[in-house]
Amino acid sequence: MTASKPVQLDVARIRADFPIFQRTVRDGKPLVYLDSAATSQKPVSVIEALAGFYRTSNANIHRGIYELSEEASIRYEEARARVARFIGAARSEEIVFVRNTTEAINMVARTWGASRLRAGDVVVTTVLEHHSNIVPWHQLAAERGIVVRFVDIDDTGRLRLDQLETFLRNEPVKLVAVTHVSNALGTINPVREIARLAHEAGALLLIDGAQSVPHLPIDVRELSIDFLAFSGHKMLGPFGIGVLWARYELLSALPPFLGGGGMIRTVTTEGFTPGDVPARFEAGTPSVADAVALGAAVEYLEAIGLAAIRQHEVSLLDYALPRLAEIPGIRLYGPVGADRAGVISFTLGDIHPHDVAAILDTHGVAVRAGHHCTQPLMRRLGVTATTRASFYLYNWEADVDRLVAALREACRVFGVAG
Amino acid sequence: MSDLYREQILDHYQNPRNYGTLDHPDRSFEDSNPLCGDRIRIDLKIADDRIVDIRFSGRGCAISQASASILTELVKGKSLDEVRELGAQDLLDELGVPISPARRKCALLSLKVLKAAAYGLNEWPS
Ligand SMILES: Cc1ncc(COP(=O)(O)O)c(C=O)c1O
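Given the structure is predicted, the values throughout are model-derived calculations rather than measurements. (Residues numbered from 1 in each chain as written. Chains lettered and ligands numbered in written order. Predicted model: local features only at pLDDT ≥ 70, side-chain atom pairs only at ≥ 80, totals over all residues. Heavy atoms only, no water.)

**Some points on the site of the ligand**
All names here are of chain A. Around the ligand sit 13 residues in total, of which Thr-102, Asp-208, Gln-211, Ser-231 and Lys-234 are the nearest. Between an oxygen atom of the ligand and a main-chain N or O atom of Thr-101, the distance comes to 3.4 Å. Between the ligand and His-130 there is a distance of 3.4 Å, counted from an oxygen atom to a side-chain nitrogen or oxygen. For the ligand, whose accessible area on its own is 400 Å², the fraction buried by protein is 87%. A breakdown of the residues in the shell around the ligand according to their chemical character gives 1 nonpolar, 10 polar and 2 charged. (Near = heavy atom within 4 Å. Polar contact = N/O pair within 3.5 Å; in protein donor to acceptor, adjacent residues only side chain to side chain. Areas by Shrake-Rupley, 256 points an atom, 1.4 Å probe, with all protein chains shown as cover. Nonpolar A, V, L, I, M, F, W, Y, C, P; charged D, E, K, R; others polar.)

**A word on the packing of aromatic side chains**
Residue and element names in this part refer to chain A. Enumeration according to the criterion identifies 11 aromatic pairs over all chains in this entry. A centroid spacing of 5.8 Å and a plane angle of 90° characterise the contact between Phe-18 and Tyr-300, whose relative ring orientation is edge-to-face. Of the two residues, Phe-18 sits in the loop between helix 1 (11-16) and strand 1 (24-25) while Tyr-300 sits in helix 10 (residues 288-304), which places them 282 residues apart along the sequence. Judged on exposure class, the residue Phe-18 and its partner Tyr-300 are both buried. Seen in terms of ring centroids, Phe-18 and Tyr-394 are 5.0 Å apart; in terms of plane orientation they differ by 65°. Their pairing is edge-to-face. Of the two residues, Phe-18 is situated in the loop between helix 1 and strand 1 and Tyr-394 in the loop between strand 17 (386-390) and helix 14 (397-414); the sequence distance between them amounts to 376 residues. For the pair Phe-18 and Tyr-394, one class covers both residues: buried. An aromatic cluster is built from Phe-18, Phe-21, Tyr-300, Tyr-392 and Tyr-394, whose rings are joined through pairwise contacts. (Phe/Tyr/Trp six-rings, centres within 6.5 Å; stacked < 30°, edge-to-face > 60°. Helix = DSSP H or I, 4+ residues; strand = E, 2+ residues; numbered from the N terminus. Buried < 20%, exposed > 50% of the residue type's maximum accessible area, 1.4 Å probe, protein only.)

**Quick notes on the pairing of strand 2 (residues 38-47) of chain B**
Residues and elements named next belong to chain B. As paired strands, strand 1 (residues 27-33) and strand 2 are joined by 7 bridges and run antiparallel to one another. By the bridge assignment for strand 2, Arg-27 is matched with Leu-44. Between the antiparallel neighbours strand 1 and strand 2 lie 4 residues, among them Gly-37 with a positive phi of about 75°. Connecting strand 2 to the antiparallel partner strand 3 (residues 50-59) that follows it, the hairpin turn spans 2 residues, and Asp-48 within it adopts a positive phi of roughly 50°. (Pairing = 2+ DSSP bridges.)

**Observations concerning the sheet that holds strand 2 of chain B**
Within a beta sheet, neighbouring strands are joined by backbone hydrogen bonds and run either parallel or antiparallel to one another. Residue and element names in this part refer to chain B. If you trace the 3 strands from one edge of the open sheet to the other, you get 1-2-3, paired in antiparallel fashion. Two strands bound the open sheet, and with one partner strand each, they are strand 1 and strand 3. Strand after strand, the sheet turns through a mean of 15° between neighbouring axes, direction not considered. Taken together, the 9 bridges between strand 2 and strand 3 define a ladder with antiparallel strand orientation. Residue pairing for strand 3: Ala-47 is matched across the bridge by Arg-50. Against the sheet, helix 2 (residues 62-75) contacts strand 2 and strand 3, and its axis sits at roughly 170° relative to strand 3. (Axes fitted to C-alpha atoms, helices over the stretch in contact; angles between N-to-C directions. Contact = heavy atoms within 4.5 Å.)

**Side note on the interface of chain A and chain B**
Taken together, the contacts link 11 residues of chain A with 16 residues of chain B. Between chain A and chain B, a total of about 1100 Å² is buried, with carbon and sulfur atoms accounting for 59% of that surface. On the chain A side of the contact with chain B, His-354, Val-413 and Phe-414 of chain A bury the most area, a combined 40% of that side's loss. On inspection of chain A and its partner chain B, the count reaches 1 salt bridge. A salt bridge links Arg-103 of chain B to Asp-355 of chain A, with the nearest nitrogen and oxygen atoms 2.9 Å apart. Across the chain A-chain B interface, the total number found is 4 residue pairs in polar contact (both at pLDDT 80 or more). Every element with two or more residues in the side of chain A that touches chain B is listed here: helix 12 (353-362) and helix 14 of chain A. Sorting elements by how many residues they give to the side of chain A that touches chain B places helix 12 of chain A first, with 5 residues. Partitioning the side of chain A that touches chain B into residue classes produces 4 nonpolar, 4 polar and 3 charged. (Buried area = accessible area lost by both parts, 1.4 Å probe. Salt bridge = Lys/Arg side-chain N within 4 Å of Asp/Glu carboxyl O.)

**Regarding the pattern of salt bridges**
Residues and elements named next belong to chain A. Across all of its chains, the model carries 33 salt bridges over all chains by this definition. Note that Glu-200 is salt-bridged to Arg-196, the shortest N-O span being 2.9 Å. With Glu-200 and Arg-196 both in helix 7 (residues 191-200) and 4 residues apart, the pair spans about one turn of that helix. Note on Glu-200: relative accessible area 58%, which makes it exposed. The exposure class assigned to Arg-196 is partly exposed, which follows from its relative accessible area of 41%.

**Thoughts on helix 4 (residues 101-116) of chain A**
All names here are of chain A. Helix length check: helix 4 (16 residues) gives 21 Å between terminal C-alpha atoms against 22 Å at 1.5 Å per residue, within 8%. Among all positions in helix 4, only Thr-101, Ala-104, Ile-105, Asn-106, Met-107, Val-108, Ala-109, Thr-111, Trp-112 and Gly-113 are buried. If you check the start of helix 4, you find a side-chain oxygen 3.3 Å away from the backbone N of Thr-102, and it comes from Asn-100. (Expected span 1.5 Å × (residues − 1).)

**Focus: the domain arrangement of chain A**
Residue and element names in this part refer to chain A. Parsing chain A into structural domains produces domain 1 (11-30 + 305-414) and domain 2 (47-303). Summing the contributions of domain 1 and of domain 2, the shared interface buries around 2700 Å²; its carbon and sulfur component is 61%. If you sort the residues of domain 1 by the area they bury against domain 2, Leu-306, Arg-380 and Tyr-392 come out on top, with a joint share of 24%. Applying the counting rule to domain 1 against domain 2 returns 3 salt bridges. Here Arg-380 and Asp-152 are joined by a salt bridge, their closest N and O atoms 2.7 Å apart. Counting across the interface, domain 1 meets domain 2 through 19 residue pairs in polar contact (both at pLDDT 80 or more). At the level of elements, helix 11 (306-325), strand 14 (343-348) and helix 13 (375-381) are the ones that each hand at least two residues to the side of domain 1 that touches domain 2. Here the residues of the side of domain 1 that touches domain 2 sort into 21 nonpolar, 8 polar and 7 charged. (Domains from an automatic or database assignment.)

**Things to note about empty space enclosed by the protein**
Vacant regions in the atomic arrangement are exposed by a probe of water-molecule size rolled over the atoms. All names here are of chain A. Tallying each qualifying case throughout the model produces 2 cavities of 30 Å³ or more. The computed volume of the largest cavity comes to approximately 50 Å³. Surrounding the largest cavity, Ala-37, Val-181, Gln-211, His-215, Glu-313, Ala-341, Gly-342, Val-343, Ser-390 and Phe-391 form its lining. For the lining of the largest cavity, the class distribution of residues is 5 nonpolar, 4 polar and 1 charged. Both of domain 1 (11-30 + 305-414) and domain 2 (47-303) provide at least three residues apiece to the lining of the largest cavity. (1 Å grid on protein atoms, 1.4 Å probe; cavity = no way out; pocket = protein on both sides within 12 Å on 5 of 7 lines; lining within 4 Å. Points joined across faces, edges and corners; volume = space filled by probe spheres on them.)

Here it is as structure tokens:
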């Protein structure tokens, strides 16, 4: 088989699948949605899957001996299998449904971390991380005396792998916990290389896939990672559903997380025995409808193709970066090259990012301004905040044009000159 | 042009009134808005229960800084009782631009800091 070049996306047709683009904002302006790194918009097939579940299949799962409950259970497990195939998992039991990336990482900290880490053990993370991949490790440091180390970036926004190697060589590193794609800079980290370094030193690798699973083709076995965390709501799915993936053997060796119904084999007045994987980690009634709708989101993404989506975002970056660079007083952050995702952080003169975002908003352009839950990174960059535009499959060049025009207007309002 | 950034706001942002610090303030307070990182400090000189001099310093978005500048002009010479009477809406009216719920704390940080400095009430003005 020859690798064929991905076909160009038919963005007009894709946009027709997303009902939100039928509305206008700020007195009749068409919506320019450039905040998909925060959450994606939803295609009608996902919205229908969610509503449809409640309309025709709603029942609790795994419990009732009746048709509806059987049907709900089947649809829940079908969604699990679909997500497993999507990320190249060896078996669908390796998919643990959680609420979001944050919960998935916390689950690793509370199960693997709490059962495997001793005082003095080291978890290496990076200054690029979202707070959700920092705070759980700080919590373990406070409770158990583990040590958290941070790999720095260079001035282009790329990880300093030499520092990672130094930590791995000199310290008892048990886990490397790193984001695949930076939500603030768009840096795509070299996961395969990081996995090799971590494994050579006997450490496991946790990948925060919140910004990569929605945008890049991912194969967990090919990447050779140990834990993968991601959120449904950033990949066309609903809020309230996310995934922790880990190899079956690894998951099977871990203690449960929350205790309650669904996660046990037996309970007596003396104690309990935990259930199998993944039920062991899904205590209580799960978000069944949200999982089913996530399955529909994966189906939509697969139909378009992740390689094509990535290619589309690369061409939007190629279109946007030189046009943005011409705006007076703009400063663009993040690496330029093949290791850059569709995320553009910038500052504009000395205008506060909230003022930039507020002016863009009056033009119907939705972007994010703030620290993006990456305060250590902001400090490293020497800024309190940036404005961030992020792309997805439904964005097109017209969105970039509107962004650029609105930024030029912000320059005029605030008198920023080049 | 945008409603939010009318000339008055931009003028106070770019040419803030009563900007700086006082050498020996009678009262002084500083606070920040964790959401945006806006930061404002207010120094007061008080005589006969009246604000006889005021300075503010800080950094942050145009709304927070312009609002502080406008507030200093509004309260200079006023009695502490009059400052006590000042509510959130009074300051929002002075700003004269529509403030969305997301920017309300930007607009009101200066009043919060003033009230904390003047009589120790450290909470968001209503
Ligand atoms: C890189 C990264 N990690 C983790 C998260 C947290 O995701 P969630 O809020 O869905 O748990 C985000 C979301 O912004 C993110 O961008």
